[in-house]
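Descriptive analysis of the structure
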Amino acid sequence: MGKLNKMPKRMHSVTVKLVQQASDSWREGKTAHQRGYGHKWWVYRTGYLQSHRYCRYCLQGLGMTGMESNCEVEMKLDALALLSCMATVVDHIRPHRGDMNLFWQHSNHQPLC
């Protein structure tokens, strides 16, 4: 057991630096609901993900444009590929930064995993 105490340290300590939001951020001091992510968004998000089931980036990686309908995608891919491409997030393509017109603009949304 004495030899274990004499072994050199191989692990270095790591300092974690937290990134803080800029104080002029449009989000500061607002809840998710105040930023637009309330019940209305969750209802919209659920419907959007039902009609856009697959991640746009994953489909592009598989040689698809990411604009195919669910049926087209399901005919071209096997079950494992479909599961790995399931979208769980509705992303804003252009950040809305509190602009509610841009927030709700359907063409500004994309499904991602």
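The text that follows walks through the structure, step by step, so that each part is easy to find. All of these numbers come straight from a predicted model, not from anything done at the bench. (Residues numbered from 1 in each chain as written. Predicted model: local features only at pLDDT ≥ 70, side-chain atom pairs only at ≥ 80, totals over all residues. Heavy atoms only, no water.)

**Quick word on the side chain of Arg45**
- Relative to the assigned elements, Arg45 resides in helix 2 (residues 39-51).
- Although buried, Arg45 forms no salt bridge, and the nearest oppositely charged side chain, Asp91, lies 11 Å from it.
- Polar side-chain contacts of Arg45 include one of 2.6 Å to the backbone oxygen of Thr88.
- Residues contacting Arg45, with those up to four places away along its chain left out, are Thr88 and Val90. (Helix = DSSP H or I, 4+ residues; strand = E, 2+ residues; numbered from the N terminus. Buried < 20%, exposed > 50% of the residue type's maximum accessible area, 1.4 Å probe, protein only. Lys, Arg positive; Asp, Glu negative; His and termini not counted. Salt bridge = Lys/Arg side-chain N within 4 Å of Asp/Glu carboxyl O. Polar contact = N/O pair within 3.5 Å; in protein donor to acceptor, adjacent residues only side chain to side chain. Contact = heavy atoms within 4.5 Å.)

**Brief notes about the pattern of salt bridges**
- Here the structure, examined in full by the defined rule, presents one salt bridge.
- In this structure, the salt-bridge partner of Glu74 is Arg53, at a minimum N-O distance of 2.4 Å. With a gap of 21 residues between them, Glu74 in helix 4 (residues 70-76) and Arg53 in the loop between helix 2 and helix 3 (56-61) connect regions that are remote in the sequence.

**Describing unusual backbone geometry**
- Backbone geometry at Arg97 places phi at a positive 45 degrees, although glycine is not the residue there.
- Assignment of secondary structure puts Arg97 in the loop between strand 1 (89-92) and helix 6 (100-104).

**Looking at the pairing of strand 2 (residues 109-112)**
- Side-chain alternation along strand 2 places His109 and Pro111 on one buried face and Gln110 and Leu112 on a second face that is also buried.
- Bridging between strand 1 and strand 2 involves four bridges; their strand directions are antiparallel. Across the sheet, residue His92 finds its bridge partner in strand 2, namely His109. (Pairing = 2+ DSSP bridges.)

**A word on the nonpolar core**
- Of all hydrophobic cores here, the largest spans eight residues; its members are Tyr54, Leu59, Met64, Val73, Leu77, Ala81, Leu82 and Cys85.
- Sequence-distant contacts of Val73, that is, excluding residues within four places in its chain, are made with Tyr54, Leu59, Met64, Glu68 and Leu82.
- The next biggest cluster of nonpolar side chains, apart from the first, holds seven residues, and it includes Tyr44, Tyr48, Ala87 and Phe103. (Core = buried A, V, L, I, M, F, W, Y, C linked by side-chain atoms within 4.5 Å.)

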